[in-house]
Amino acid sequence: MVLHIVLAALLLAIPGGILYLLDRKMLGSFFIATARMVVQLLVLCLMVWGLMKYDRWWMSLLWVVAMTGYAAFIAKQKIKSVKSGMIMPIGLGLLAGILSVGLYLLLFALPAEKAFESRWFIPVMMLLLGHSLTTTMRGMNTYLSALKTDAEQYEFQRGNGASHLKAVMPFVRRAFLAVMSPTVANLQSTALYSMPLLLCGFFIAGVQPMNAFVVMVMLVVGCVSASVVSLVTALWFADRKLFDSFGKLR
């Protein structure tokens with residue numbers, strides 16, 4: 001195994017050599033990022049291996065909650081306009097989206113013998129979390145930026161007697177368009193750039209092609225649905241942080 005790892009690592013000479021010729025300053029960052037990726041993958045593999053070995057439903061659920069909290073922290077770091085109080089709304093939104101859609105898939109749609117069985121529960125939840133995190137970050141960033149830039153529009157609507165929901169709806173619409181527009185545009189190319197690795201995993205596991213196709217379609221639909229539920233829930237909780245009881249922007 002050590003020999004195979006060394007032989008695979010030699011492939012790093014290709015991008016490393018290009019960087020050495022074109023931009024030597026970036027060479028160190030490249031190898032540091034590669035080393036961090038290897039360490040993270042190793043830790044992740046060991047943790048998932050432990051979860052699947054002991055196969056306890058509460059351990060799997062605790063894992064999902066912990067990963068959701070970590071994802072919310074990542075989102076807080078990535079979103080430019082986010083405030084410190086937005087970690088909780090984002091985390092709750094992600095948790096609501098992946099648990100509601102994930103449990104529906106596991107209990108009713110996917111051929112899982114046990115919904116909380118680790119070999120099904122963890123991959124499905126992590127796939128939904130990864131997609132929901134990306135879309136929720138995009139939607140929340142658009143929503144918060146719009147509120148910050150066009151706060152006068154909200155105040156104008158409120159001053160003319162509009163309800164809080166009606167006044168905030170243009171900003172919610174921008175957030176959903178920022179999420180759904182690229183999602184709709186990328187659906188036709190999903191099979192080419194984001195799902196082949198998972199599909200190959202099904203084939204390696206011995207799943208029949210038609211069964212793999214059906215499961216993949218279900219998972220793609222689940223990812224889109226979970227992202228919408230996550231964003232709706234995150235915006236609902238964020239509303240409580242951004243506005244006071246009288247509907248005034250804090």
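Residues numbered from 1 in each chain as written. Predicted model: local features only at pLDDT ≥ 70, side-chain atom pairs only at ≥ 80, totals over all residues. Heavy atoms only, no water.

## Concerning the pattern of salt bridges
Convention followed: Salt bridge criterion: a side-chain nitrogen from Lys or Arg within 4 Å of a carboxyl oxygen from Asp or Glu. Residue burial is assigned from relative accessible area. The probe radius is 1.4 Å, only protein chains are included, and a residue is buried under 20% of its type maximum, exposed over 50%, and partly exposed in between.
What the rule picks out here adds up to three salt bridges. Ionic pairing is found between Arg-119 and Glu-117, a salt bridge with its closest N-O pair at 3.1 Å. Residue classification places Arg-119 among the partly exposed residues on the basis of a relative accessible area of 48%. Look at Glu-117 and you get buried, because its relative accessible area is 16%. A salt bridge links Arg-240 to Asp-239; the shortest N-O distance between them is 3.7 Å.

## Points about the side chain of Thr-68
The condition is simple: The helix count covers DSSP runs of H or I at least four residues long, the strand count covers runs of E at least two residues long, and both are numbered beginning at the N terminus. By the convention used here, residues are in contact when the closest approach between their heavy atoms is within 4.5 Å.
Assignment of secondary structure puts Thr-68 in helix 4 (residues 57–78). A residue is classified by how much of its surface remains accessible, and Thr-68, at 2% relative accessible area, is buried. Sequence-distant contacts of Thr-68, defined by excluding residues within four places in its chain, comprise Gly-91, Leu-94, Leu-95, Ile-98 and Leu-129.

## Describing the nonpolar core
This is how it is decided: Definition used in this section: a nonpolar core is a set of buried Ala, Val, Leu, Ile, Met, Phe, Trp, Tyr and Cys residues joined via side-chain atoms within 4.5 Å.
Core analysis: the biggest nonpolar cluster contains 52 residues, and Ile-90, Leu-106, Leu-110, Met-140, Tyr-143, Leu-235 and Leu-242 have the highest contact counts within it. Among the secondary structure elements, those contributing two or more residues to this core are helix 3 (25–54), helix 4, helix 5 (87–109), helix 6 (118–149), helix 8 (164–187) and helix 11 (209–242). Apart from residues lying up to four places away in sequence, Met-140 is in contact with Ile-79, Met-86, Ile-90, Leu-231, Ala-234, Leu-235 and Ala-238.

## Focus on the packing of aromatic side chains
To keep things clear, this is the line we draw: Aromatic rings from Phe, Tyr and Trp, taking only the six-membered ring of Trp, are treated as a pair when their centres fall within 6.5 Å; an angle between ring planes under 30 degrees marks them as stacked, one over 60 as edge-to-face, and anything in between as tilted. Cation placement over rings: the criterion is NZ of Lys or CZ of Arg within 6 Å of the ring centroid and within 35° of the ring normal.
Tallying each qualifying case throughout the model produces six aromatic pairs. Ring plane angle 70° and centroid distance 5.2 Å describe the contact between Phe-30 and Phe-31, whose orientation is recorded as edge-to-face. Using a relative accessible area of 22% as the deciding quantity, one classes Phe-30 as partly exposed. Ring plane angle 70° and centroid distance 6.0 Å describe the contact between Trp-57 and Phe-116, whose orientation is recorded as edge-to-face. With Trp-57 in helix 4 and Phe-116 in the loop between helix 5 and helix 6, this residue pair connects regions lying 59 residues apart in the sequence. Ring pairing ties together the aromatic residues Trp-57, Phe-116 and Phe-121, which thus form one cluster. The side chain of Arg-240 reaches across the aromatic face of Trp-236, ending 3.9 Å from its centre.

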